[in-house]
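Descriptive analysis of the structure
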Amino acid sequence: IKTDVLSSGFDTPVTSIANTPGDDTLQYTYGPATAVAVRSSYVNALPSANIRFNVTEKLLARAAFSQTVTRPTLTDLGVNNDFGGRISVPQSSGGNPSLLPFKSTNYDVSVEWYVTPVSYFSVGGFYKDLSNFLELQTLPVNRFGRVFQDTRTRNGQTGYIRGIEVGAQYAFDWLPGFASGFGVTGNYTYVDSK
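Reading the values: the criteria
- Residues numbered from 1 in each chain as written.
- Predicted model: local features only at pLDDT ≥ 70, side-chain atom pairs only at ≥ 80, totals over all residues.
- Heavy atoms only, no water.
- Core = buried A, V, L, I, M, F, W, Y, C linked by side-chain atoms within 4.5 Å.
- Buried < 20%, exposed > 50% of the residue type's maximum accessible area, 1.4 Å probe, protein only.
- Contact = heavy atoms within 4.5 Å.
- Helix = DSSP H or I, 4+ residues; strand = E, 2+ residues; numbered from the N terminus.
- Salt bridge = Lys/Arg side-chain N within 4 Å of Asp/Glu carboxyl O.
- Pairing = 2+ DSSP bridges.

Moving on to the nonpolar core. If you look at the biggest cluster of nonpolar residues, it comprises five residues: Val14, Leu26, Tyr28, Phe83 and Phe148. When residues no more than four places from it in sequence are discounted, the contact partners of Phe83 are Val14, Tyr28, Tyr30, Gln91, Ser92, Arg143, Phe144 and Phe148.

Dropping the structure here:
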């Protein structure tokens, strides 16, 4: 998938920064709004494969592989900049048109044992490799001869999610009459992430 992103909008440049005597709150003077456009482009190949293998008539094995992406919101991709704070801690915030999509590479395996056509026991494992995580970060940024604490969405660190799933279902289809529609089901999932 090829994605072209055009982030556009208006930014109002800061022409001067001052503070009121006796008050350390920064006062900003802004110039006229300026149209701003930032173009970015990226390509994502998103393969997906699913395999099912009948080990026996009652035992199935499954495996899956896929890659997925989640694009940033349009607000996060904005070109705006906002300023505030005090002399001791100038602050800024806004959009980030350079964001890359959050990406996950996914691996799943499972085994299912069917005691009857509708009753089964299953166990599976999964692993997700994560990159370009979208997170709100505050970093020091030099602007107008000052160091601002700048808060906006940025691409973060990598990580993973892994786990095990166990499930079972048993139907009382051997009971007579309306009771044959009853059954029990349960599952347990253990997840570890970093």
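Although it is not a glycine, Asn132 adopts a positive phi angle of roughly 55 degrees. Inspection of the secondary structure puts Asn132 in the loop between strand E10 (120–131) and strand E11 (134–143). You can call Asn132 partly exposed: its relative accessible area is 25%. Despite not being glycine, Phe144 has its phi angle at roughly 55 degrees, a positive value.

Attention shifts here to the pattern of salt bridges. Throughout the structure, instances matching the rule amount to seven salt bridges. Here Arg86 makes a salt bridge to Asp24, at a shortest N to O gap of 2.6 Å. With Arg86 in the loop between strand E7 (81–85) and strand E8 (90–94) and Asp24 in the loop between strand E2 (14–19) and strand E3 (26–30), this pair connects stretches of sequence that are 62 residues apart. Residues Asp150 and Arg154 are paired through a salt bridge, measuring 2.6 Å at the closest nitrogen-oxygen approach. Here the two residues Asp150 and Arg154 agree in accessibility, since each one is buried. Connected through salt bridges with shared partners, the residues Arg143, Asp150, Arg152 and Arg154 form a single ionic network.

Bridge count for E10 against strand E13 (residues 159–171) is 11 bridges, and the pairing is antiparallel. Of the residues in E13, the one forming a bridge with Tyr127 is Arg162. The sheet contact formed by E13 and strand E14 (residues 183–193) spans 11 bridges and is antiparallel. Paired with Ile164 across the strands is Tyr190, a residue of E14.

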